[in-house]
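# Notes for the structure review
The primary structure of each chain is shown beneath.
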Amino acid sequence: MSSETGSSEHDDEEVRADSLGPRMDENFLNESARRSRMPHDRPTEHELAFFPEIWDCKTAIEIFLMIRNTTLATWLTNQWKECTAADVRNNLFPPFNSDLDMIQNIVHYLSRHAIINFGRYTRVIKIKPRMFRQQRDVIVIGAGAAGIAAATQLTTFGFNVIMVEARNRIGGRAQNYKSKNDVVMELGADSLRNLEDSPIATLMHQVQMEQHAAFDNQSMFIEGKPVDPKRDRLIAGMYISARGALHWQAHNREHRDENGKFISRQQAYENVINLVERGTHIKYFNYCKSMEEVARAREYHFNQMAQLRMTAMLAEKRVDQMKDGEDPLLRRSLKRDIVTTMQKFEEVAQAFETANSHLELLKKNPASKQYMHPMDFRNWNFLLGFEEYLYGAPLEKVQFSCDAHKNKKHGVVTRLTDGIAALLTSVAQKRNLDIRLNHRVRTIDWSPSHRGVKLSVEKGDGEIVDMNAAFVISTLPIGVLKKTIQNDPRAPKFTPPLPEEKVEAIRCLGSGLINKCVLQYDKAFWEPSDRYHFITISPNIRTRGSQLLWSAVPGSTVITTYMVGESANTTLDDQIIIDMAKDALEKIFRQTGTLIDAKVTHWQDDEFAFGSGSFMSLRTEMKHFEELCHPLEVHDEKKKRAMPRVLFAGEHTCPSYTATVQGAWMSGARAAADLANEICGVGFTDLTMDAGGRGDGKDEEEEEDSDIEFIEDVDRPMPEQ
Ligand SMILES: Cc1cc2nc3c(=O)[nH]c(=O)nc-3n(C[C@H](O)[C@H](O)[C@H](O)COP(=O)(O)OP(=O)(O)OC[C@H]3O[C@@H](n4cnc5c(N)ncnc54)[C@H](O)[C@@H]3O)c2cc1C
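Keep in mind that what you see is a predicted model, and the values were worked out from it rather than measured.

## Side note on the UniProt feature "transmembrane region" (unreviewed entry) in the protein
Using the residue numbers shown here, the UniProt feature "transmembrane region" (unreviewed entry) corresponds to residues 138-159. In residues 138-159, the share of helix is 55% and the share of strand is 18%. The end C-alpha atoms are 7 Å apart.

## Observations regarding the packing of helix α7 (residues 145-156) against helix α13 (residues 420-430)
Viewed as axis vectors pointing N to C, α7 and α13 meet at an angle of 20°, and their least axial separation amounts to 10 Å. Taken together, the axes of α7 and α13 are roughly parallel relative to one another. At the point where α7 passes α13, the crossing takes the left-handed sense. For the pair α7 and α13, contact is made by Ala 145, Ile 148 and Thr 152 and by Leu 424, Val 427 and Ala 428, respectively. Its residues assigned to classes, the contact of α7 with α13 comprises five nonpolar, one polar and no charged.

## Description of the sheet that holds strand β17 (residues 515-521)
Within the open sheet, the seven strands sit side by side as β8-β7-β18-β19-β20-β17-β21. Their pairing is mixed. With partners counted over all chains shown, the strands left at the sheet margins are β8 (225-226) and β21 (595-600), one partner each. Pairing of strand β18 (residues 533-537) with strand β19 (residues 546-552) involves three bridges; the strand directions are antiparallel. Residue Phe 534 lies in a different strand from β19, and its bridge partner there is Trp 550. Here helix α16 (residues 574-589) sits on the sheet and contacts β7 (219-222), β17, β18, β19, β20 (558-563) and β21; the angle it forms with β17, its principal contact strand, is near 60°.

## Regarding unusual backbone geometry
In this structure, the amide linkage connecting Pro 94 to the following residue, Pro 95, adopts the cis form with an omega of 5°. Positionally, Pro 95 belongs in the loop between α5 (85-91) and α6 (100-112). Of the consecutive residues Thr 495 and Pro 496, the connecting peptide bond is found in the cis state with omega at -10°. Along the chain, Pro 496 falls in the loop between β15 (493-495) and α15 (500-508). Non-glycine residue Asn 432 carries a positive phi angle of around 55°. A residue is classified by how much of its surface remains accessible, and Asn 432, at 66% relative accessible area, is exposed. Positive phi values are uncommon outside glycine, yet Lys 640 reaches one of about 60°.

Rules of the game
Along each chain, the written sequence defines residue order, and numbers are assigned to residues from 1. Per-residue local features of the predicted model are confined to residues with pLDDT of at least 70, and side-chain atom pairs are confined, for both listing and counting, to 80 or more; whole-chain, interface and lining totals are unaffected and use all residues. With hydrogens and water stripped out, all remaining heavy atoms of the structure feed into the side-chain values. UniProt positions are given in the numbering used here, feature names are shortened, and annotations may be inferred rather than shown by experiment. Helix and strand labels come from DSSP, where a helix needs a run of H or I of at least four residues and a strand needs a run of E of at least two; each type is numbered from the N terminus. Axes here refer to lines fitted to C-alpha atoms; in helices the fit is confined to the stretch in contact. Angles between the N-to-C directions go from 0 to 180 degrees. Our angle categories are set so that under 35 degrees counts as roughly parallel, over 145 as roughly antiparallel, 65 to 115 as roughly perpendicular, and the remainder as oblique. By convention the crossing between two helices is left-handed if the near helix lies anticlockwise of the far one by an angle smaller than a right angle, and right-handed if it lies clockwise. Residues count as neighbours in contact if any of their non-hydrogen atoms are within 4.5 Å of one another. Three classes are used: nonpolar for Ala, Val, Leu, Ile, Met, Phe, Trp, Tyr, Cys and Pro, charged for Asp, Glu, Lys and Arg, and polar for all others, with Gly counted as polar. If DSSP finds at least two bridges between two strands, the strands pair. Accessibility here uses a 1.4 Å probe with only protein chains present; expressed as a share of the type maximum, an area under 20% marks a residue as buried, one over 50% as exposed, and anything in between as partly exposed.

Laid out in structure tokens, this is it:
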């Protein structure tokens, strides 16, 4: 019987392997789940919440996972075209391809949450709005990565979306600047990390833009002179150990001071260094103590040897002075004394030798007086400065345990030759988004007395217009929200004011700053294939973040340097910053070309950003992210519950990827899904009831559309999108 079961399992496996297309083997399915940030072997908590029918049944979970992973693989195989239930079914083998409901529900779930079918792709199934007409209008504030993600998703769900953007361009903190001879300079975000599992990788795949890896081949310079790579590796090793220790601590215990504030990353590094330094001092103290003890023992043995030698010599002299036959008893006794003294001398001489060689050994291997040489502290400080670049804030202000909540995989760092803003523009164009540039939102009125949300918007020519929508998605940056809660007239005003919990969350989240100095020369005097990325180490700890990294797009004549940490908020004149950068380059390369164009950013003064990105400050708690995402709600009499009016997105609402383009995109998609789930219902679980939970006949004034049309579908009608 057992052999029968065994062979049937084996046959099943063979059937599975044969039935899978050439690319849909198990490894590819698992890899597809990983690339979509999902575990391949279990449903996520979010999935379980949406698919209660699989909770208690192992087989149902297996079927679910097979269909889900095949859906992800189907999408990843062709990300230019909508992945439909029919496509997924074609890639499934029996019996998994028979559960049409499950296939459709999974495709809907993954599409709704922007895990598949997002970005710049061709839709196959006609969009069917699943909400009342008056619930269809949405205004998205801000046309950065978060706004574009939210708008593209919402249009897919059937909403009418208008985007209002204060600037005369889209992209927000991803900003291209075309220099005098049309070379693209990135003034905002320039590097894309975590691409192995990032939705941005899909956009790049869809848009097919030229890209290149950054951070290759780093060379370090201190005051124009290359740093010894051996010492660099040594200090980098120490830093990696210290960072590992911090990471371990962050995951294992909470570190707050007596005021309940988190310890800063700078403080945590200092603690680690002090701990190691203390260990070094203790070792040095023990070394000195051992030296002293061994030297004393050696001296003691030496003196003992001298004494014993003297005793033996005196005894010998006495024996020599005795006449033949005189006092034989005394002679014998003296001779015996001489023998025992010499025996003792041998023993002491051996102890002396041991002490002596111990002393020599100690002298040969002296203990260090200090952990790190003052010169090496420069390298160390560069590494901390580099963290300030990654976090976009001085380490004194960054919460030490912030890594515990961040996705730490950085992998290959990629840059786009035409810039990140061009990528976002391409997606927005393809999806035909209605973007109103030069529309600066002044007030957001979400009073319960209105039917929806009323925006007061200032157009480029100064005219103030009112715009109304059922819902608003705000992607106002954290810097702008901070100004809002300070009643700064430059930031939009909320009426009624934001709830206290949200105000507290905005106050407690950090708003960081990275600035850049971008230089365009007439020729590239750096080696384009080699040192297109290098590092200058500041001799001064306070200025460690000033012009620490240099990067250039290979083949271009533009080179960029960054100002981070304390140095980012500089009050120096632009010309001084440019001259400093030119001097640093001249020190390294001696011969530089002619400067054609230069640009220094001041993101702290930009009225539509007031900073570069959010970070976890010493007061940030995880609950603050929930508060930041939480929509502004109004009680709905009909539905007898609170309904969202203003939803929030932006990089600062995505704790795993704060201050990144990826985080911004994911937050926009999340806000769009939240709104659609709330208004359209989770279409994949309830296909008969309408959006408002009405369930039966139609309300006269709230007419629903019924223009459903499927261009391509599985054999039986597909549920509404
Ligand atoms: C110098 C610098 C370097 C960076 N480097 C990187 C990097 O290497 N990699 C990375 O992933 N990220 C980087 N970032 C961070 C990244 O740019 C942001 O996290 C991301 O672009 C934020 O997108 P968002 O949509 O949340 O916000 P934004 O892009 O800021 O979009 C918000 C939009 O709202 C608009 N807006 C503001 N106020 C109003 C108003 N009153 N009315 C109407 N519209 C308004 C703004 O104009 C803006 O377009 C960097 C940022 C800076 C500044």
